[in-house]
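The chain contents come next:
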Amino acid sequence: MSQTNENPQVSSKRTQKPSAVRQVQQRKFILKEMDFKSSAIQQLFSNDARQQNIKYSIARIAGLFVLTSNNKEIRDRLDAWFAAEQEEVVRRSTLLNTIHNNELSTSLGNNADFDVVTPESFSVTFQIEHPIYWRVIDVISQIDESIAAIENLWLAGVISESVSNNSRGIAMNTMTRFFGRMRTVATDSADRKGGIYSLDAYNKIMQTITRNNPDDRSANDDSGAEEIEQDSGKLVVNA
């Protein structure tokens with residue numbers, strides 16, 4: 001009579017250590033709702049994909065300011081670069097203001113006194129986690145106010161379609177240039193593993209801005225037509 005082995009067969013299994021889950025660091029933030037005065041800037045943010053690209057770029061630039069904070073040479077260069085981008089926006093905003101004032105001074109009508117109603121939907125909300133956001137908001141506000149004043153003159157019948165379109169082209173080119181250059185820096189830094197930027201790494205980013213941005217070749221060209229690709233959600237600069 002054969003015996004049946006009643007002992008269960010024991011298999012050897014290696015116990016795996018639980019994988020470490022990297023916790024996302026939570027930060028304090030300020031929710032800032034920005035109301036637009038112009039149709040041009042509203043259109044820039046009306047596409048969800050494009051809006052997310054812009055916000056992503058701002059967040060990455062904020063990260064660069066944090067990562068370079070312990071190296072004075074690199075941080076000074078980052079500050080100088082961003083300040084130069086702001087100055088270029090101021091220059092173009094001043095140009096739009098000059099166009100507005102010239103057209104207003106030569107107008108014979110009083111229609112410019114009309115009140116223009118701006119839809120409540122002309123707004124965007126930023127989650128501010130770094131002071132650099134305020135500088136970006138200031139850049140947006142300057143162009144928004146400048147082109148809004150020209151849009152209002154067109155609505156009132158004070159300026160021609162041609163002047164309105166050319167001015168709108170300047171405004172849109174300015175913002176696509178600004179956010180396009182921010183996105184170049186943000187994209188170039190996206191694959192880093194973390195840590196403080198070396199001088200070589202930062203120089204590479206600065207060289208990429210000059211080499212890959214076609215708008216650098218026409219940085220002083222303020223006569224371009226509207227340069228937003230409507231459907232793709234990408235920022236497009238036509239040289």
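Structural data are supplied above this passage.
If you're wondering where the values come from, they're calculated on a predicted model, not measured in any experiment.

(A) The overall build of the protein, seen in detail. Looking only at helices and strands, one finds six helices and two strands in the protein. For the protein, buried positions account for 39% of its 239 residues. Excluding contacts between residues fewer than 6 apart, the proportion of contacts in the protein whose partners are at least 24 apart in sequence is 83%. Summed over all atoms, the accessible surface of the protein reaches about 14,700 Å², with 48% contributed by carbon and sulfur.

(B) Quick peek at helix α1 (residues 39–46). Most of α1 sits inside the fold, with six of its eight residues counted as buried. Here α1 has its buried residues at Ala40, Ile41, Gln42, Gln43, Leu44 and Phe45. Where α1 begins, the capping side chain belongs to Ser38, and its oxygen is found 3.2 Å from the backbone nitrogen of Ile41.

(C) Representation of the nonpolar core within the structure. Ranked by internal contacts, the top residues of the largest apolar core, which has 43 residues, are Phe45, Ile140 and Phe179. Mapped onto this core, the elements with two or more residues apiece are α1, α2 (48–67), α3 (72–105), β2 (123–128), α4 (132–155) and α5 (161–188). Take this core: its biggest share by element is 10 residues, from α4. Ignoring anything within four residues of it in the chain, the contact list for Phe45 reads Phe36, Gln51, Ile54, Val124, Phe126, Ile140 and Phe179.

(D) Geometry of the packing of α1 against α2. Relative to each other, α1 and α2 sit at 90 degrees, their axes nearing to 6 Å. Our classification of the angle between α1 and α2 gives roughly perpendicular. Residues Gln43, Leu44, Phe45 and Ser46 of α1 form the contact with α2, whose participating residues are Asp48, Arg50, Gln51 and Ile54. Residues that form the contact of α1 with α2 fall into these classes: three nonpolar, three polar and two charged.

(E) Layout of the pattern of salt bridges. Enumeration over the complete set of coordinates arrives at eight salt bridges. Close ionic contact of Arg75 with Asp79 constitutes a salt bridge, the shortest N to O distance being 3.6 Å. Of this pair, Arg75 and Asp79 both sit in helix α3, four residues apart, which is roughly one turn of the helix. We classify Asp79 as partly exposed; its relative accessible area is 26%. Where Arg92 meets Glu88, a salt bridge forms, and the shortest distance between an N and an O atom there is 2.8 Å. Here the residue Arg92 and the residue Glu88 both occupy positions in helix α3, the gap between them amounting to four residues, near one helical turn. Of the two residues, Arg92 and Glu88, both sit in the buried class.

How each quantity is defined
- Just so you know, the residues in each chain are numbered from 1, in the order the chain's sequence is written.
- It should be noted that, the model being predicted, local features are given only for residues of pLDDT at least 70 and side-chain atom pairs only at 80 or more, the latter also being counted only at that level, while totals for whole chains, interfaces and linings use all residues.
- As a convention, hydrogens and water are excluded, and side-chain values are obtained from all of the structure's heavy atoms.
- By definition, any uninterrupted DSSP run of H or I lasting at least four residues is a helix, any uninterrupted run of E lasting at least two residues is a strand, and each is numbered from the N terminus.
- Relative accessibility under 20% of the residue-type maximum defines a buried residue, over 50% an exposed one, and the middle range a partly exposed one, all with a 1.4 Å probe and only protein chains included.
- When checking whether two residues touch, look at their non-hydrogen atoms; a contact exists if any pair is within 4.5 Å.
- Surface accessibility in these figures is a Shrake-Rupley result with a 1.4 Å probe; residues are shielded only by whichever protein chains are displayed.
- In the analysis that follows, any N or O atom pair within 3.5 Å is treated as a polar contact, provided that within protein one partner can donate a hydrogen and the other can accept it, and provided that, for residues neighboring in sequence, both atoms belong to side chains.
- Definition of nonpolar core: a set of buried residues of the types Ala, Val, Leu, Ile, Met, Phe, Trp, Tyr and Cys, connected through side-chain atoms within 4.5 Å.
- Angles here are taken between N-to-C directions and fall from 0 to 180 degrees, while the axes themselves are lines fitted to C-alpha atoms, restricted in helices to the stretch in contact.
- Angles below 35 degrees are treated as roughly parallel, those above 145 as roughly antiparallel, those between 65 and 115 as roughly perpendicular, and all remaining angles as oblique.
- When residues are grouped by polarity, Ala, Val, Leu, Ile, Met, Phe, Trp, Tyr, Cys and Pro land in nonpolar, Asp, Glu, Lys and Arg in charged, and all others, Gly among them, in polar.
- Criterion for a salt bridge: a side-chain nitrogen of Lys or Arg within 4 Å of a carboxyl oxygen of Asp or Glu.

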